[in-house]
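In case you want the letters, here they are:
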Amino acid sequence: MKLKYDVTVIGGGPAGLAAAIEAKKGDCSVLILERNEELGGILNQCIHPGFGLQYFKEELTGPEYAERFINKVNEMNIDVLLNTMVINISKDRAITAVNDKGLLKIESGAVILAMGCRERTRGAIMIPGARPAGVFMAGQAQRYINMENQKIGNKAVILGSGDIGLIMARRLTLEGIEVVGVFELMPYPNGLLRNIKQCLEDFNIPLYLSTTVTRIIGKDRIEGVVVSRVDEKLNPIEGTEERIDCDTLLLSVGLIPENELSLKAGVELNTRTNGPLVDNDLQTNIPGIFACGNVLHVHDLVDHVSREGELAGQKAVEFIKNKKERGNEIILKCGKNLVYTVPKYITNTIDNLVNVYFRVSRPMNNGCLTIKSSKGLIFKGKPENFRPNKMVKFNLPPKIISKVSEELYIDVEEGI
Amino acid sequence: MLKFDVVIIGGGITGTAIARELSKFDLKAALLEANMDIASGTTKGNGGVIHSGYDPNPSTMKAKVNCKGALMYPKLAKELGFEYKNTGSMVVGFEDKDTEVLNKLYENGKKNGVPGLRIIERDEIFKIEPRVNRAAKYALYAPTAGIADPFEVAIAFAENASENDVKIYRNQKVVGITKNDEFFNITTQNREYQARFIVNAAGVYGDYIAKLVGIEDYEIKPRFGELLVMDKAIGFELNTVLFPLPGNRTKGIVVIPTVHGNIIVGSTARMTEDKEDISVTKEGIEELLNGAKHLVPDIEKRFLIRQFAGLRPVETNTNDFVIEASKKVKGFINAIGIQSPGVASAPAIAEMVRDILSNEGLDLKEKKSFNPYRTPILDFSELTDEEKDELIRKKPSYGRVICRCETVTEGEILSAINRPVGAVTVDGVKRRTRAGMGRCQGGFCQHRIVSILSRELGIPKDEVLLENEKSKLIFGKMKGQEESRE
Ligand SMILES: Cc1cc2nc3c(=O)[nH]c(=O)nc-3n(C[C@H](O)[C@H](O)[C@H](O)COP(=O)(O)OP(=O)(O)OC[C@H]3O[C@@H](n4cnc5c(N)ncnc54)[C@H](O)[C@@H]3O)c2cc1C
Ligand SMILES: Cc1cc2nc3c(=O)[nH]c(=O)nc-3n(C[C@H](O)[C@H](O)[C@H](O)COP(=O)(O)OP(=O)(O)OC[C@H]3O[C@@H](n4cnc5c(N)ncnc54)[C@H](O)[C@@H]3O)c2cc1C
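Everything numeric here is computed off the predicted structure, so don't read it as measured data.

Each value, and the rule that gives it
- Residues numbered from 1 in each chain as written.
- Chains lettered and ligands numbered in written order.
- Predicted model: local features only at pLDDT ≥ 70, side-chain atom pairs only at ≥ 80, totals over all residues.
- Heavy atoms only, no water.
- Helix = DSSP H or I, 4+ residues; strand = E, 2+ residues; numbered from the N terminus.
- Rg over C-alpha atoms; globule rule 2.2 N^0.38 Å.
- Buried < 20%, exposed > 50% of the residue type's maximum accessible area, 1.4 Å probe, protein only.
- Contact = heavy atoms within 4.5 Å.
- Areas by Shrake-Rupley, 256 points an atom, 1.4 Å probe, with all protein chains shown as cover.
- Polar contact = N/O pair within 3.5 Å; in protein donor to acceptor, adjacent residues only side chain to side chain.
- Near = heavy atom within 4 Å.
- Bend = angle between axes of the 7 residues up to and from the residue.
- Domains from an automatic or database assignment.
- Buried area = accessible area lost by both parts, 1.4 Å probe.
- Salt bridge = Lys/Arg side-chain N within 4 Å of Asp/Glu carboxyl O.
- Nonpolar A, V, L, I, M, F, W, Y, C, P; charged D, E, K, R; others polar.
- UniProt positions renumbered as here; feature names shortened; annotations may be inferred.
- pLDDT = per-residue confidence, 0-100.
- Pairing = 2+ DSSP bridges.
- Axes fitted to C-alpha atoms, helices over the stretch in contact; angles between N-to-C directions.
- Phe/Tyr/Trp six-rings, centres within 6.5 Å; stacked < 30°, edge-to-face > 60°.

## Concerning the overall build of chain B
- Helix and strand counts for chain B come out as 12 helices and 22 strands.
- Radius of gyration (C-alpha) of chain B: 23 Å, near the 23 Å computed for a compact globule of 486 residues.
- Based on the C-alpha atoms only, the size of chain B along its principal axes is roughly 65 × 55 × 45 Å.
- Classification of the 486 residues of chain B by burial places 63% in the buried group.
- Considering only contacts within chain B whose residues lie at least 6 apart along the sequence, 72% involve residues at least 24 apart.
- When the accessible surface of chain B is totalled, it reaches about 19,200 Å², and 47% of it is carbon and sulfur.

## Notes on the environment of Asn160 of chain B
Residues and elements named next belong to chain B.
- By secondary structure assignment, the location of Asn160 is in helix 5 (residues 150–163).
- Considered as a pair, Asn160 and Val424 are 264 residues apart in the sequence and their alpha carbons are 18 Å apart.
- Once you skip the residues sitting within four places of it in the chain, Asn160 turns out to touch Arg20, Ser23, Leu80, Phe370, Asn371, Pro372, Tyr373 and Arg374.
- In this structure the side chain of Asn160 is engaged in a polar contact, spanning 3.4 Å, whose partner is the backbone oxygen of Tyr373.

## Notes on the site of ligand 2
Residues and elements named next belong to chain B.
- Taken together, 40 residues surround ligand 2, and among them Thr14, Glu33, Thr43, Ile338 and Gln339 come closest.
- A distance of 3.4 Å is found between an oxygen atom of ligand 2 and a backbone nitrogen or oxygen belonging to Gly48.
- Within the contact set of ligand 2, a nitrogen atom lies 2.9 Å away from a backbone nitrogen or oxygen of Val174.
- When isolated, ligand 2 has an accessible area of 1,000 Å², and the protein chains bury 96% of it.

## Notes on helix 8 (residues 342–359) of chain B
Residues and elements named next belong to chain B.
- Roughly 35° is the biggest bend found in helix 8, and it falls at Ala348.
- Of all the 18 residues making up helix 8, 14 are buried; the element is thus mostly covered by neighbouring parts of the structure.
- Phi turns positive, to about 110°, at Gly361, one or two residues after helix 8.

## Details of the side chain of Thr188 of chain B
All names here are of chain B.
- Secondary-structure assignment places Thr188 in strand 11 (residues 184–188).
- Side-chain polar atoms of Thr188 contact the side chain of Gln172, separated by 2.6 Å.
- When near neighbours in sequence (up to four residues on either side) are disregarded, Thr188 contacts Leu32, Gln172, Lys173, Val174, Val175 and Tyr193.

## As for the domain arrangement of chain B
Residues and elements named next belong to chain B.
- Here chain B is described as being made up of domain 1 (1–84 + 147–218 + 317–376), domain 2 (85–146 + 221–315) and domain 3 (380–463).
- With centres defined by C-alpha atoms, the gap from domain 2 to domain 3 works out at 32 Å.
- In total, about 570 Å² of surface goes out of reach between domain 2 and domain 3, with carbon and sulfur atoms giving 38% of it.
- At the junction of domain 2 and domain 3, the tally comes to two salt bridges.
- Partitioned by chemical class, the residues of the side of domain 2 that touches domain 3 number two nonpolar, two polar and three charged.

## Focus on the interface of chain B and chain A
- With 52 residues of chain B at the contact, the number on the chain A side is 52 residues.
- The interface formed by chain B and chain A includes seven salt bridges.
- Its salt-bridge partner being Lys461 of chain B, residue Glu148 of chain A comes within 3.6 Å of it at the nearest N-O pair.
- Across the chain B-chain A interface, the total number found is 20 residue pairs in polar contact (both at pLDDT 80 or more).
- Listed by contribution, the elements that provide at least two residues to the side of chain B that touches chain A are helix 7 (282–295), strand 18 (304–315), helix 9 (385–394) and helix 12 (446–457) of chain B.

## Let's talk about the pattern of salt bridges
- Going through the model one piece at a time under the given rule, you end up with 61 salt bridges over all chains.
- One salt bridge in this structure joins Asp300 of chain A and Arg359 of chain A, with 2.8 Å as the shortest N-O distance. On the criterion of sequence distance, the pair formed by Asp300 of chain A in the loop between strand 19 (289–291) and helix 8 (302–322) and Arg359 of chain A in strand 23 (residues 354–360) is long-range, its members being 59 residues apart.
- Asp300 of chain A gets classed as partly exposed once you look at its relative accessible area, which sits at 22%.
- By relative accessible area, which is 13% here, Arg359 of chain A ends up buried.
- Put simply, Glu159 of chain B and Arg419 of chain B hold a salt bridge, and the shortest N to O gap is 2.6 Å. Separated by 260 residues along the polypeptide, Glu159 of chain B in helix 5 and Arg419 of chain B in the loop between helix 10 (410–417) and helix 11 (426–433) bring together distant segments of the chain.

## A closer look at the UniProt feature "domain: BFD-like [2Fe-2S]-binding" (unreviewed entry) in chain B
- Those places that UniProt annotates as "domain: BFD-like [2Fe-2S]-binding" (unreviewed entry) correspond, in this numbering, to residues 401–454 of chain B.
- In this annotation, residues 401–454 of chain B is assigned 46% helix and 9% strand; the end-to-end C-alpha distance for the span is 18 Å.

## Some thoughts on the environment of Leu3 of chain A
- Checked against the element boundaries, Leu3 of chain A lands in strand 1 (residues 2–10).
- In this structure Leu3 of chain A touches Leu31, Leu81, Lys105, Ile106 and Glu107 of chain A, once residues within four positions along its chain are discounted.

## Structural notes on the confidence of the model for chain B
Residues and elements named next belong to chain B.
- This prediction gives chain B a mean pLDDT of 95; 98% of its residues lie at or above 70.
- Here residues 481–486 is modelled with pLDDT under 50, and outside its nearest four sequence neighbours on either side it reaches seven contacts, counting other chains as well.
- Among the prediction metrics, the complex's ipTM stands at 0.92, with pTM recorded as 0.93.

## With respect to the site of ligand 1
- Around ligand 1, the structure places 35 residues, and the nearest of them are Ala15, Glu34, Arg35, His48 and Asn294 of chain A.
- One finds residues of chains A and B in close proximity to ligand 1.
- The backbone of Ile42 of chain A places a nitrogen or oxygen atom 2.9 Å from an oxygen atom of ligand 1.
- His48 of chain A is positioned with one of its side-chain polar atoms (N or O) 2.7 Å from an oxygen atom of ligand 1.
- Out of a free accessible area of 1,000 Å², ligand 1 has 95% covered by protein chains.
- When residues of the shell around ligand 1 are traced back to their parent elements, those giving at least two are helix 1 (14–25), strand 3 (49–51), strand 6 (85–89), helix 5 (163–174) and helix 8 of chain A.
- When the residues that make up the shell around ligand 1 are grouped by side-chain class, the tally is 18 nonpolar, 13 polar and four charged.

## Observations regarding the sheet that holds strand 27 (residues 392–396) of chain A
Residues and elements named next belong to chain A.
- Spatial strand order, 21-23-27: three strands in an open sheet with antiparallel pairing. For this open sheet the edge positions go to strand 21 (338–342) and strand 27, each flanked by a neighbour on one side alone. Neighbour to neighbour, the strand axes of the sheet diverge by 25° on average, direction disregarded.
- Here strand 21 pairs with strand 23 via four bridges, running antiparallel. When the sheet's bridge partners are listed, Thr341 is paired in strand 23 with Phe358.

## Notes on the packing of aromatic side chains
All names here are of chain A.
- Taken as a whole, this structure holds 16 aromatic pairs over all chains when the rule is applied.
- Seen in terms of ring centroids, Tyr55 and Tyr65 are 6.4 Å apart; in terms of plane orientation they differ by 70°. Their pairing is edge-to-face. Of this pair, Tyr55 sits in the loop between strand 3 and strand 4 (60–61) while Tyr65 sits in helix 2 (residues 62–75), and the two are 10 residues apart along the sequence.
- Residues Phe358 and Phe386 carry aromatic rings whose centres are separated by 6.4 Å and whose planes lie at 25° to one another, so their mutual orientation is stacked. With a gap of 28 residues between them, Phe358 in strand 23 and Phe386 in strand 26 (residues 384–386) connect regions that are remote in the sequence. Judged on exposure class, the residue Phe358 and its partner Phe386 are both buried.

What follows is the structure, encoded as structure tokens:
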């Protein structure tokens, strides 16, 4: 089947939904392609509250938050194809997808990537030991429990203090599954502080920092793990090994943007985050292909995802009208304490504020945001505490942008 | 009581190759495998190189079957529809003095009858494989080497054998064998079988099976080895298999392209006692990464998706393959101690076992109805867009993508479950279709595969296993109620 749309959105999670709504407001024909049998993305399995405090100024569960956008999509009669998996995108924005009716070819004026992310696996973090059943990724376990209503074990160890791991620690406890503890490699927790409080402390679940799982034991079903303390270089310290019996191990050790599809279209990725390199219109190096949400960079809060989706939708509409390609008048370079910035490039001909998101690579107390051009410091922020688990957002005012050419160095520095 | 002319014990690549060979003849044969699935012993944990055969000492049993087996692969791949690539291989030397070792291997290979061996130099090395470390100077090039997925091969052997009337029984662990004048009585945990001949292909337990009939001559110890799998996202594929100069015991750390476009790095080697433990170690992973980077500097740790390990069954008296009829117990044939290059050699081992059986008095009459061809599970991702569309219109289940990383559809999974010797576990589905083998390692699709298995096998979800009999994945419904048994 052949189809033609102004804007095609790949992925019907919060990023894709927000993007589609904005694109439709811009009077474009819009199609959402979603692999699952329903819209909402990962939110469908997040039945806990904590969503929407910024966007709606009220606290919602994941499905409630998603529902508001889904209702909008339905009211606006935006076309949606469910159970439809995109398998290819070409440089000229031709999309190939399949569902159980056949193969679809969709010509598209603009494409918005909103495929979300996947969880880092055991193989990627190389935990030594046996390979029995009972080792789950935290989000995978969340799906088994919240969507499939299946019990995944009786006594769990959680490796990694990412938000999903913390939320699952609480969830398992509420379901009567014993959680022995949460073990974190780094000397600081990875999830939001509010989740540490609400999910661990309130339930007396211990959090062990600078500790990791160094061996998995059990031939058929996991029978236990060995945990060890680690030194400053994150190497296990000999003699600190301790065996803990458990029948379940949950991994909450990071999320990775899902960009294998983007690569097929030739989209350039940041090798550190696996997210596309975009300008402040969220446009990738491939003209007319935009990215937003967790496929671009992993967000802590869905509220930011929705805002980013909206921007991508608006810019896709503009692209249909003026065909402007990704700008790179200014390149944002990361200083040594930053992991990445989104955007990477800035188009100089703008009059609006540019939102810049970044993450620091290590915790810093009283760090100052600094912005430098080749001529020297142009901005220094007030001292603040920075944490790798907290995505930072700041506005780059037009008056800074108008002053510089080519490169801006962004960093967080201590003691300046 | 189930009566057979021949019972093969062990469903690894050795046993399944033998089963397929025997399925060509008018006789009653069965294969007994202890695990839930075939190809779940050493055959699932190895490098999959179809070694050309320059390596074994010419006086060994290995030398007799390796080169011959490797040369049988192209035809077998066509008949049985498994993926095989004739990649060739290179042993890479970095210094002038390395030519000495390369020349020795070359001479050895000639004695073993390996065709086309050549010592090549820089220009040709980089032409064949541009990713090799630029410091490479010389290489022994073996054009007949190749690659295959060993479990895919074993599964193909078993399916084809089954279609040609060899009985494949899984979850049948042999625990006792007795013998009277005419036949063996073989006992498993819950059944009995009768056979005139037994072929022992029980891998690391080959000595145990021999002891069951009173043969104490063999001792099998595992030589443990680890391997790594790299994500396809590493951005390049290798054209050929790359070896360093061989170590004392093994072929060193080898970098191997796979038929599916990944890269495998293998293997470490360490003698152990434990015949079950295939836990990977931190040291092993480091050793492999270092070894791999030495040959292919572009290999990066961050593209690792999985580590695994296997146990080479080493017969300690000979350190060689043992393929012979027992002199003590008439009708008992061993195909044990099949360490590396067991995958490469399997087809030739099967022919050798056939001839031994014939010598021992088994009547081999060709079966007219024998069908050498097997239709593999269709690979949806390899079809053209038009073919995909047409297939989905005929069978909508091919339009439901279950595993997104490897683009495996429900249609393929159904085919894997509902064919002869079909998948009964999550890992069984994975080995037959690649579902769950990609970068998310089943994070997104495992629960869907559990649902499909539960539906197709007619068992509750909490009885769906990862791999072995006790490898339970889930424990029933959360909210207190037991899963209903339809
Ligand atoms: C487990 C978990 C718990 C979280 N908890 C919280 C919380 O408590 N509070 C909070 O504010 N935020 C939370 N977040 C963060 C927030 O939910 C996410 O940032 C947000 O859902 C990301 O939205 P997205 O649209 O980018 O991706 P997703 O929600 O992942 O949506 C992506 C969609 O794309 C579809 N898709 C992917 N590939 C294809 C393809 N090839 N073809 C068709 N469709 C495709 C997927 O099926 C999916 O529906 C959580 C995130 C996770 C993963
Ligand atoms: C790390 C590593 C790398 C390797 N790389 C290569 C390579 O690149 N190329 C190559 O050619 N070879 C390689 N090999 C060697 C190759 O894997 C083996 O030679 C081959 O898999 C042996 O097959 P098998 O059928 O003899 O044994 P197995 O695959 O172990 O099969 C034996 C079967 O017998 C069953 N069994 C045991 N006891 C009983 C019982 N009591 N009742 C019923 N069934 C029983 C087991 O469950 C098992 O399935 C490698 C090996 C290792 C460990």
